[in-house]
Amino acid sequence: MFTAILRRQVRSHKLSRNGGAYLRITMKRCTQADISLLCELSRATFTDAFAAENDPDELTEFLAGRYSEDKLMSEMADDGSSFYFLYCGDFPAGYIKINLVPSQSDINDPDSLEIERIYVLRNFQGRGIGGHAIAAAADMARTFGKKYIWLGVWENNERAISFYKKQGFYRIGAHSFFIGRNEQTDYIMRRDL
Ligand SMILES: CC(C)(COP(=O)(O)OP(=O)(O)OC[C@H]1O[C@@H](n2cnc3c(N)ncnc32)[C@H](O)[C@@H]1OP(=O)(O)O)[C@@H](O)C(=O)NCCC(=O)NCCS
């Protein structure tokens, strides 16, 4: 799914990490011109994270619908939502989607900012990229005068849950999330600012 060129770059970054190279983490807001990269990154990171636990046909159908260019383009056109690429050096290693009221997937409290998606390619995980993105989202929320940030995380995604706890999030509820007919439970977690 991820193109051959991007895969080669991912491999070379893995080598540079093993060699101890330091690469700066930066963020760039996605525009409509970036839609094809956002689409690829969304599909690749979701597959990385959840292919093992889901039926392949249902996952393919889910990715084609949820992460089509048209769907992502309409999400990006929503004034309450914004997407940012997470760069490691000059490589787009992940992305984050944040939502303000009235565009949140749940809660919709004007005092809050939602992190609806935060995904880092597997070979780039554990290098501080996710932590950088959470800190940036918290800074944005403070700038907007919000009191807290929140997100939903699959109840069985233990690594992400432990990452969020280290980042100061705590559980405040749960809601359902569907991949095809497969109903899953997401914990809702909040971090006060
Ligand atoms: C969860 C996620 C966004 C964190 O981003 P990250 O760049 O790996 O996070 P950081 O490097 O800033 O922090 C890593 C910390 O998270 C934990 N962690 C979570 N997943 C990890 C992984 N695959 N590899 C290494 N550490 C991981 C570790 O405990 C680590 O803690 P430490 O810094 O004390 O060692 C990222 O691992 C990811 O995209 N995971 C798969 C997709 C996913 O689950 N997204 C969240 C959906 S709600």
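Because the structure is a prediction, the values reported are computed rather than measured. (Residues numbered from 1 in each chain as written. Predicted model: local features only at pLDDT ≥ 70, side-chain atom pairs only at ≥ 80, totals over all residues.)

Asks: Which parts of the structure should I look at to understand the site of the ligand?
Replies: Taken together, 18 residues surround the ligand, and among them Gln125, Gly126, Gly130, Gly131 and Phe163 come closest. Mapped onto the shell around the ligand, the elements with two or more residues apiece are strand S4 (112-120), helix H5 (129-143) and helix H6 (158-166). Counting residues per element, the shell around the ligand draws most heavily on H6, which supplies five residues. A breakdown of the residues in the shell around the ligand according to their chemical character gives eight nonpolar, seven polar and three charged. (Near = placed C-beta within 6 Å. Helix = DSSP H or I, 4+ residues; strand = E, 2+ residues; numbered from the N terminus. Nonpolar A, V, L, I, M, F, W, Y, C, P; charged D, E, K, R; others polar.)

Asks: Even after reading the chapter, I still don't get the packing of helix H2 (residues 35-50) against helix H4 (residues 69-76), so can you show me in this structure?
Replies: To characterise two packed helices, one gives the angle between the axes of the helices and the distance between these axes. Contact geometry of H2 with H4 gives a least axis separation of 10 Å together with a crossing angle of 110°. The orientation of H2 with respect to H4, classified from their angle, is roughly perpendicular. H4 is crossed by H2, and the crossing has right-handed handedness. Contacts between H2 and H4 involve Ile35, Ser36, Leu38, Cys39 and Ser42 on the former and, on the latter, Glu69, Leu72 and Met73. Among the residues making up the contact of H2 with H4, the classes are represented as five nonpolar, two polar and one charged. (Axes fitted to C-alpha atoms, helices over the stretch in contact; angles between N-to-C directions. Parallel < 35°, antiparallel > 145°, perpendicular 65-115°, else oblique. Left-handed = near helix turned anticlockwise from the far one by under 90°. Contact = placed C-beta atoms within 7 Å.)

Asks: Is there a simple way to think about the sheet that holds strand S7 (residues 182-192) in this case?
Replies: Two strands in a sheet stick together by hydrogen bonds in their backbones, pointing the same way (parallel) or opposite ways (antiparallel). One open sheet holds the seven strands; their spatial order is S1-S2-S3-S4-S5-S7-S6, and the pairing between them is mixed. Whereas interior strands pair on both sides, the edge strands pair on one side only; in this sheet they are strand S1 (25-29) and strand S6 (170-179). Strand-to-strand twist in this sheet, taken as the mean axis angle between neighbours without regard to direction, amounts to 30°. Strand direction decides the pairing type here: S6 and S7, joined by nine bridges, are antiparallel. Pairing of Ala174 across the sheet is with Tyr187, part of S7. Running over the sheet, H5 touches S1, strand S2 (81-88), strand S3 (91-99), S4 and strand S5 (148-154) and is turned about 160° from S4. (Pairing = 2+ DSSP bridges.)

Asks: Would you take a moment to explain the environment of Asp48 for this structure?
Replies: Secondary-structure assignment places Asp48 in helix H2. Note: C-alpha distance between Asp48 and Arg122 (74 residues apart in sequence) is 6.5 Å. Apart from the residues within four sequence positions on either side, Asp48 is in contact with Leu121 and Arg122.

Asks: I'm lost on the nonpolar core in this one. Help?
Replies: Burial of nonpolar side chains together is a common tendency in soluble globular proteins. Counting residues in hydrophobic clusters, the biggest one holds 39 residues, and the most contacted among them are Leu86, Ala93, Tyr95, Ile96 and Ala137. Every element with two or more residues in this core is listed here: H2, S2, S3, S4, H5, S5 and S7. Tallying contributions element by element places H5 first for this core, with six residues. With near-sequence residues (within four places) excluded, Tyr95 lies in contact with Leu38, Leu41, Phe83, Tyr84, Phe85, Leu86 and Tyr119. (Core = buried A, V, L, I, M, F, W, Y, C linked by C-beta atoms within 7 Å. Buried ≥ 20, exposed ≤ 12 C-beta atoms within 10 Å, placed from the backbone.)

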